[in-house]
Amino acid sequence: MYIGLDLGTSGLKGVLIDDAQGVLAEASAPLSVSRPHEGWSEQSPADWIAAAEEVMDALAPHGLGQVRAIGLSGQMHGATLLDQADEVLRPCILWNDTRSHEEAAELDGDPLFRRVTGNIVFPGFTAPKLLWVQRHEPRLWEKVARILLPKDYLRLWLTGEHVAEMSDAAGTSWLDTGKRDWSDDCLAATGLTRAHMPRLVEGSQVSGKLRDALASRWGLPKGVVIAGGGGDNAASGVGVGVVKAGDAFVSLGTSGVLFAANDGYQPAPETAVHTFCHALPNTWHQMGVILAATDALNWYAGLVGDTAANLTGGLGDLKAPSKTIFLPYLGGERTPLNDAAIRGAFLGLEHATDRAAATRALLEGVTFAIRDSRDALAATGTKIERLLAVGGGSRSDYWLKAIATALDIPVHLPVAGDFGGAFGAARLALMAATGAGAEIATLPPIARSIEPDRALSSAFDAGHARYRAAQTAIKGLT
């Protein structure tokens, strides 16, 4: 048996799988976020341990005597600050905390960071948070001995070891993403050295062993290994089988992610594409991130007093985009705009714009934002040959037909099941225990495939061109 633990922002999930990768049990525990000031987002690391204990307590009755390894997945970018005794110095500053936007812009203005890390220094990344702590909490800064990412603090509790892995480390702005090693220059630019960093392993490698006290508490054998694991999106990539060049998935969750695996390192920070190490050796991945996918649909559903399912369920066959355009920038946009100030809009409203037409325009707007990400990835040389759809928005056939047509590629829908971060972490645990590699990260069974409507291809091309024009026109107005 193998366990995957996924430390999310809203909860921690655990899955137990057998050696045939069948899911034997699942459990979850909720987490809450503290927002003491505008733009701040924090969690107490003690709450992560309590949630992990709750999940392991729930899995234990299934019998854990055959468990050989545990894998970890988690929310990226969080800054967990420890002193010399490994005591937590302050609440963890999370990925969606924007207090360090000035520090991020300052670091991004130094050409070193884009050149070495292959990415823009975004406010959510880890390095600018440490610069903020230096300037605003100087007494606390003097006590900082070690910095861990959220899932790696769980690892410290499980093993007593300070270890990170490549995919999560790539989101700190301290990793030389091509060399898969810490950058002494980037660390020095934020007043740090390698001594502050955990050692690095690949996601499928052994990072340590479970402490005996924890093994006996939950009935695990001695010597259970802890895999390196992965950042949440990389672990999801392993879970859904997107581990080699040409394969990709689109996630239609609160935010939207277009995730593609790469056999080589192809950075292009000017596109606002994230280029990170994958959770497997000698593999990288790229992501286009849009900040509002189902979030935009749920906002609109609330506006018109209906449910997202009702709005999308009665749309019928795919139609050509109308004059009405929706820009889904409710809270700014990441790829390709890197613009925190831009805001969304409906344009081209007319008498013919009824509820169904506005719903179609909204789905088209998010679809065109995903196409922008596809175009940004393509500009780096990334080709998508097979695309899977996951997340809540993938329940809308209309939306999937629009994406297939706008991207001119079939969209494959996996059978029902959770192939996310916890499952990917369990797969990485299996690899660490057995020496297996990417070959066991197979694609899930496909329930059905949605083909592009080629009769509407030119209409969707024209719709995307109008969308890009509207994007340009509204910049600065909002």
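Bear in mind the structure is a predicted one, so any value in this text is a computation, not a measurement. (Residues numbered from 1 in each chain as written. Predicted model: local features only at pLDDT ≥ 70, side-chain atom pairs only at ≥ 80, totals over all residues. Heavy atoms only, no water.)

Examining helix 2 (residues 101-108)
The set of residues buried in helix 2 consists of Glu103, Ala104, Leu107 and Asp108. The arc that holds the buried residues of helix 2, viewed along the axis, is 135 degrees, so those residues lie on one side. Exposed residues pointing more than 90 degrees away from the buried face of helix 2 are listed as Glu102 and Ala105. (Buried < 20%, exposed > 50% of the residue type's maximum accessible area, 1.4 Å probe, protein only. Helix = DSSP H or I, 4+ residues; strand = E, 2+ residues; numbered from the N terminus. Arc of directions from axis to C-beta.)

Overview of the packing of helix 2 against helix 4 (residues 126-136)
Where helix 2 contacts helix 4, the two axes come as close as 8 Å, and the packing angle between them is 120 degrees. By the angle between their directions, the pair helix 2 and helix 4 is classed as oblique. For the crossing formed where helix 2 meets helix 4, the hand is right-handed. Residues Glu103, Ala104, Glu106 and Leu107 of helix 2 touch helix 4, and the partners they reach there are Ala127, Pro128, Leu131, Trp132, Arg135 and His136. Residues that form the contact of helix 2 with helix 4 fall into these classes: six nonpolar, one polar and three charged. (Axes fitted to C-alpha atoms, helices over the stretch in contact; angles between N-to-C directions. Parallel < 35°, antiparallel > 145°, perpendicular 65-115°, else oblique. Left-handed = near helix turned anticlockwise from the far one by under 90°. Contact = heavy atoms within 4.5 Å. Nonpolar A, V, L, I, M, F, W, Y, C, P; charged D, E, K, R; others polar.)

Here we look at helix 4
Counting buried residues in helix 4 gives eight out of eleven residues, a clear majority hidden from the surface. Within helix 4, the full set of buried residues consists of Thr126, Ala127, Pro128, Lys129, Leu130, Leu131, Trp132 and Val133. As for helix 4, its buried residues are in contact with strand 6 (80-82), strand 7 (92-93), helix 2, helix 5 (138-141) and strand 8 (146-148).

Here's the deal with the side chain of His274
Note that His274 resides in strand 18 (residues 274-277). By relative accessible area, which is 2% here, His274 ends up buried. A polar side-chain atom of His274 sits 3.0 Å from a polar atom in the side chain of Arg334. (Polar contact = N/O pair within 3.5 Å; in protein donor to acceptor, adjacent residues only side chain to side chain.)

Read these as layout, nothing more, since geometry by itself doesn't imply function.
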